[in-house]
Amino acid sequence: MKCVSSQTPRALRVSQFPASSARNVLTTGSCVLQTSRASFSTIHPRRNGPFITTYGSNEFLARKHRIKIDPSPSSERARLIRRSKIAGFGIIVCAVCIFGIIKSGVIPEPSKNRKRQTNSETQLDGPASIVPDTSLEDRAERVATGTSTIPTFPKTIYLSSLNASANASVVDKGQQKYQLVGLGIRTVSFLGIQVYVVGLYIAVPDIATLQERLVRKMDPVATTLVPSERQKLRELLLDPVKGEEVWDDILKDGGIRTAFRIVPTRNTDFMHLRDGWVRGITGRTQARTAAGDQSFNDETFGASVNDFKAIWGSGARKSLPKGGTLTLTRDAEGKMAAWIEEKQGSLKLGGVNDERISRLIWLGYLAGKNVSSEGARKSVVDGVMDFVERPVGTVAQQVV
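Residues numbered from 1 in each chain as written. Predicted model: local features only at pLDDT ≥ 70, side-chain atom pairs only at ≥ 80, totals over all residues. Heavy atoms only, no water.

## Some words on the overall build of the protein
Argument step 1. Summing up its helical and strand segments, the protein has 13 helices and 11 strands in all.
Argument step 2. The burial tally for the protein puts 39% of its 400 residues in the buried class.
Argument step 3. The long-range share in the protein, meaning contacts at least 24 apart out of those at least 6 apart in sequence, stands at 70%.
Argument step 4. Put simply, the protein shows about 23000 Å² of open surface, and 56% of that area lies on carbon and sulfur atoms. (Helix = DSSP H or I, 4+ residues; strand = E, 2+ residues; numbered from the N terminus. Buried < 20%, exposed > 50% of the residue type's maximum accessible area, 1.4 Å probe, protein only. Contact = heavy atoms within 4.5 Å. Areas by Shrake-Rupley, 256 points an atom, 1.4 Å probe, with all protein chains shown as cover.)

Next comes the structure, spelled out in structure tokens:
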């Protein structure tokens, strides 16, 4: 009898069939059981041969699933190019992360630099053994700088009268109040890495002189400017060519005492600062010489440039730490001096008597196609706009 794999009744009563039928039913059930066993053995075949002891191990699976690499040169080149792209992407990601950390300013400042930062009020009292009066700093109003590293600048500082010669060992100790005109951040490279914060200060009694000269540029007989004239003056000062002519005339005429206060946002050295200023002096003198100006071609000017370079390399101090204070002063005659703030007081690095040197350095921040800090240039223009909207002589009275 052939085995039938069709479905069988759920319940069979043997008493209803004869003996021969019962045997057929038993035979059919045996065939169904054999068929089920055969199906089960088909799904899970019985392994023939000896048992493999390494079956399922890492070595066995590695041999079984090993990927065959095409040893051809084109495949190897494609693999190297893919790896190079991945490595390049990793370098870009790392550079972006480093730039983000630098810009965010999340790195904590060392405690020794914090102590230097608190001594932010400039005092030019001559020898370094004289301790500056910090009580003025405590009362000074602060102005936000726009960076978390050096968050504020004093609105007013007190400097010496700057009437002594640049090489004098003793400076007149008469203190003069200076007011902040504008400030900005000096950045380098396309990443915009911050180097230092710079602010322009002017002696309070000389504000009236600056007011008068700016107003006379727009109206020879006016004492103040109306809104339309102020807007024209703003556009004039921001113009790369005309703005440089205006500031050049104001600085050349003298009679205005000013100072640039520089505070680094990271450790820097004097040689780096010097190279930037020298490049600015060289570029402006070459441009003026090409335009027909021969006032910078004499030997005296070359000697003055050498004197300026000697300020930054002749002393024992070679660097300016983060949060330190460097002040460049320009007196009424255009003589320049460089000062650094120490724990004991203000230390004079040196100076240059030639007013052309200070004038070119000042122009590097105030006017031209390329300035050291565009933010500082615009801030200074905003500051002088506040001066010219008031009658000449009234600003100094309000400051005092």
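From this point on, the discussion continues.
## Considerations on helix H11 (residues 355-366)
Argument step 1. Compared with the 16 Å implied by 1.5 Å per residue over 12 residues, the 16 Å span of H11 between its first and last C-alpha is a close match.
Argument step 2. Here H11 has its buried residues at Glu355, Arg356, Ile357, Ser358, Arg359, Leu360, Ile361, Trp362, Leu363, Gly364, Tyr365 and Leu366.
Argument step 3. Directly beyond the C-terminal end of H11, a positive phi value near 110 degrees is found at glycine 368. (Expected span 1.5 Å × (residues − 1).)

## What about the pairing of strand S4 (residues 175-188)?
Argument step 1. Two strands pair when backbone bridges link them, and strand S3 (residues 156-160) and S4 are joined in this way by five bridges, in the antiparallel orientation. In the strand pairing of S4, serine 160 is matched with glutamine 175.
Argument step 2. In terms of strand pairing, S4 meets strand S5 (residues 193-203) through 10 bridges, oriented antiparallel. Its bridge partner being in S5, glycine 182 is matched across the sheet by leucine 200.
Argument step 3. From the end of S4 to the start of S5, which pair antiparallel, there are four residues, and serine 189 there has a positive phi angle of about 65 degrees. (Pairing = 2+ DSSP bridges.)

## Concerning the packing of aromatic side chains
Argument step 1. This structure, assessed with the given rule, holds seven aromatic pairs.
Argument step 2. Measuring from ring centre to ring centre gives 5.7 Å for phenylalanine 270 and tryptophan 312, while their planes differ by 50 degrees; the resulting arrangement is tilted. Here tryptophan 312 lies in the loop between helix H10 (299-311) and strand S8 (319-320) and phenylalanine 270 lies in helix H9 (residues 270-290), a separation of 42 residues in the sequence. Per residue, the accessibility class of phenylalanine 270 equals that of tryptophan 312, and both read buried.
Argument step 3. Ring centres of tryptophan 277 and tryptophan 312 lie 5.2 Å apart, and the angle between their planes is 45 degrees; on these two criteria the pair is classed as tilted. (Phe/Tyr/Trp six-rings, centres within 6.5 Å; stacked < 30°, edge-to-face > 60°.)

## Concerning the side chain of aspartate 248
Argument step 1. Within the fold, aspartate 248 resides in helix H8 (residues 242-253).
Argument step 2. On the basis of relative accessible area, aspartate 248 is assigned to the buried category, the value being 7%.
Argument step 3. At 2.9 Å, the side chain of aspartate 248 and the side chain of arginine 359 are in polar contact.
Argument step 4. If near-sequence neighbours (up to four positions away) are discounted, aspartate 248 is found in contact with Arg288, Arg359 and Leu363. (Polar contact = N/O pair within 3.5 Å; in protein donor to acceptor, adjacent residues only side chain to side chain.)

## A look at the sheet that holds S5
Argument step 1. Strand order in the open sheet formed by seven strands is S3-S4-S5-S6-S9-S10-S11, and the pairing between neighbours is antiparallel. Single-partner strands in this sheet number two, and they are S3 and strand S11 (346-352). Sheet twist, expressed as the average angle between the axes of neighbouring strands with direction ignored, equals 30 degrees.
Argument step 2. On the sheet, H10 packs against strand S10 (336-341) and S11 and is oriented at approximately 160 degrees with respect to S11.
Argument step 3. Against the sheet, H11 makes contact with S5, strand S6 (258-264), strand S9 (326-330), S10 and S11, and its axis sits at roughly 120 degrees relative to S9, the strand it touches most. (Axes fitted to C-alpha atoms, helices over the stretch in contact; angles between N-to-C directions.)

## Digging into the nonpolar core
Argument step 1. One finds Trp247, Trp277, Phe308, Trp312, Ile361 and Val384 to be the most contacted residues of the largest nonpolar core, which totals 57 residues.
Argument step 2. Not counting residues up to four positions away in its chain, the partners in contact with valine 384 are Val181, Leu210, Leu214, Leu237 and Trp247.
Argument step 3. If you look at the next biggest cluster of nonpolar residues, it comprises 13 residues, including Ile150, Leu180, Ala259 and Val263. (Core = buried A, V, L, I, M, F, W, Y, C linked by side-chain atoms within 4.5 Å.)

## With respect to the packing of helix H6 (residues 207-218) against H8
Argument step 1. As a packed pair, H6 and H8 sit with axes 11 Å apart at the nearest point and diverge in direction by 140 degrees. On the basis of the axis angle, H6 is oblique to H8. Crossing hand, H6 versus H8: right-handed. Contacts from Leu210, Arg213, Leu214 and Lys217 of H6 reach H8 at Val246, Trp247, Asp249, Ile250 and Asp253.
Argument step 2. For the contact of H6 with H8, the class distribution of residues is five nonpolar, no polar and four charged. (Parallel < 35°, antiparallel > 145°, perpendicular 65-115°, else oblique. Left-handed = near helix turned anticlockwise from the far one by under 90°. Nonpolar A, V, L, I, M, F, W, Y, C, P; charged D, E, K, R; others polar.)

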